[in-house]
Amino acid sequence: MTKSALAAELLRCGLRRYWQASQAYVRNAVTLQVQQVGDAPFGRSHLGGAADMPHTWPWPYRGDAPLSLIAQINFADCQGFDMNGMLPESGMLYVFYDCADGGWGSEPKDRDGFCVWYYDGDRAFLRRRENPAGQGFPAAALQCGRRWEVPDRECWLMRDYWWEDYENVAWWERWDKFTGEKRHKLLGHSDNIQGAMELQCQLAGHGIPYRTAALPEDVALTAGAADWLLLLQVDSDARCAMRWGRGNGRLYVWIRRQDLAARDFSRCWLVVQSS
């Protein structure tokens, strides 16, 4: 979707005032469309399945349990779709998560429940690696696309926006249905289920449980919430046997803007939301 088409659709849905307030925050998303389930070409982007990792890297564990591969992204697949040039031009991103007890991302201890790795070395060192426990999700090959997005209605950037009653109706009855059901993507804006996550990432990433966000000593950290960007969003999808939270949620991986620019994925934060 082009920016002009985005604006036209928001106006058609009755969200002219929201468009005027949010257009400065429009972002490009690299959409991830599931193409086939059950197989994925070696070294390409896919959900679930095996990881095409360097043969010297150990599989990530939490205690005695191996984490599940959620997504493998080959950034070369994204070329031509990342319109702002924010992603690396090459390299592999691996996202692992403890699907049994990985937490929701609101507590500092949830850091042990996920792993985000980046490899930009020689592809000759990659090997197809299965989950050591023989578990995980079926592989689902991905095709990249692109679209421009406005912030979600509960985005941190729009926290001071006052919603009129007619706009609430327009968002849920028109806009939300128009934007599609399955929303796997890189970058863009998160499609929130339980509110903004930027402050949650900022606090939990600094060792502070999100429930204590109102404490006076935490105020100095809140400005840093604006640094957090959506890196990856994986929706619940029966085709991949992925059901987050209570079965209808989404999994989000966040990264600070400066860390993405530095290609440092070690400080990412993972959040799960569900209705």
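See the structure shown above.
Residues numbered from 1 in each chain as written. Predicted model: local features only at pLDDT ≥ 70, side-chain atom pairs only at ≥ 80, totals over all residues. Heavy atoms only, no water.

Peer 1: Honestly, the pattern of salt bridges in this entry has me stumped. Any pointers?
Peer 2: Oppositely charged side chains may form a pair once their charged atoms are brought near each other. Here the structure, examined in full by the defined rule, presents 13 salt bridges. As a salt-bridge pair, Lys 185 and Glu 149 come within 2.9 Å of each other at their nearest N and O atoms. Pair noted here: Lys 185 is in strand S11 (residues 185–187) and Glu 149 is in strand S10 (residues 140–149), with a separation of 36 residues, a long-range link. Taken together, the shared-partner salt bridges in this structure form one network comprising Arg 147, Glu 149, Arg 183, Lys 185 and Asp 191. (Salt bridge = Lys/Arg side-chain N within 4 Å of Asp/Glu carboxyl O. Helix = DSSP H or I, 4+ residues; strand = E, 2+ residues; numbered from the N terminus.)

Peer 1: What is the right way to read the nonpolar core from this model?
Peer 2: One finds Leu 47, Ile 70, Leu 231, Trp 244, Val 253 and Phe 265 to be the most contacted residues of the largest nonpolar core, which totals 45 residues. Of all the elements, strand S12 (residues 228–235) adds the most residues to this core, at 6 residues. Excluding residues that lie within four positions of it along the chain, Phe 265 makes contacts with Phe 75, Pro 88, Leu 93, Val 116, Tyr 118, Leu 231, Ile 255 and Leu 260. Counting 16 residues, the second-largest nonpolar core is a separate cluster that includes Leu 6, Ala 7, Cys 13 and Val 26. (Core = buried A, V, L, I, M, F, W, Y, C linked by side-chain atoms within 4.5 Å. Buried < 20%, exposed > 50% of the residue type's maximum accessible area, 1.4 Å probe, protein only. Contact = heavy atoms within 4.5 Å.)

Peer 1: In this structure, what is going on with the sheet that holds strand S1 (residues 27–37)? I would like to understand it.
Peer 2: Working definition: the strands of a sheet are paired by backbone hydrogen bonds and lie parallel or antiparallel to each other. Strands sit in the order S8-S7-S6-S2-S10-S1-S11-S12-S13-S14 across an open sheet of 10 strands; the sheet is antiparallel. Here the strands that pair on one side only, and so sit at the sheet edges, are strand S8 (114–119) and strand S14 (269–273). The pairing of strand S2 (residues 46–47) with strand S6 (residues 68–74) spans 2 bridges and is antiparallel. Looking at the pairing, His 46 lines up with Gln 72 of S6. (Pairing = 2+ DSSP bridges.)

Peer 1: Looking at this structure, I do not really get the packing of aromatic side chains. What am I missing?
Peer 2: Each pair of aromatic rings is reported with the distance of its centres and the angle of its planes. In the structure shown here, the tally under the stated rule is 17 aromatic pairs. Considering the side-chain rings of Trp 57 and Trp 117, the 5.3 Å spacing of their centres and the 85° angle between planes classify their relative orientation as edge-to-face. Here Trp 117 lies in strand S8 and Trp 57 lies in the loop between strand S3 (51–54) and strand S4 (61–62), a separation of 60 residues in the sequence. A ring pair is formed by Trp 59 and Phe 96, whose centres lie 5.2 Å apart and whose planes are at 75°; its orientation type is edge-to-face. (Phe/Tyr/Trp six-rings, centres within 6.5 Å; stacked < 30°, edge-to-face > 60°.)

Peer 1: What is the right way to look at helix H1 (residues 3–12) in this model?
Peer 2: Along an α-helix, a turn takes 3.6 residues, which lines up residues three or four apart on a common side. Leu 6, Ala 7, Glu 9 and Leu 10 are the residues of H1 that are buried. Looking down the long axis of H1, one finds its buried residues gathered within 165° of arc, a one-sided arrangement. Away from its buried face, by an angle of more than 90 degrees, H1 presents the exposed residues Ser 4 and Arg 12. (Arc of directions from axis to C-beta.)

Peer 1: Looking at this structure, I do not really get unusual backbone geometry. What am I missing?
Peer 2: Of all residues except glycine, most have a negative phi; of all peptide bonds, most are trans. A positive phi angle, close to 60°, is found at Leu 187, a residue other than glycine. Inspection of the secondary structure puts Leu 187 in strand S11. Of note in the backbone geometry, Arg 263 takes a positive phi value of approximately 60° without being a glycine. Counting through the fold element by element, Arg 263 comes out in the loop between helix H6 (257–261) and S14. What makes Arg 263 partly exposed here is its relative accessible area of 31%.

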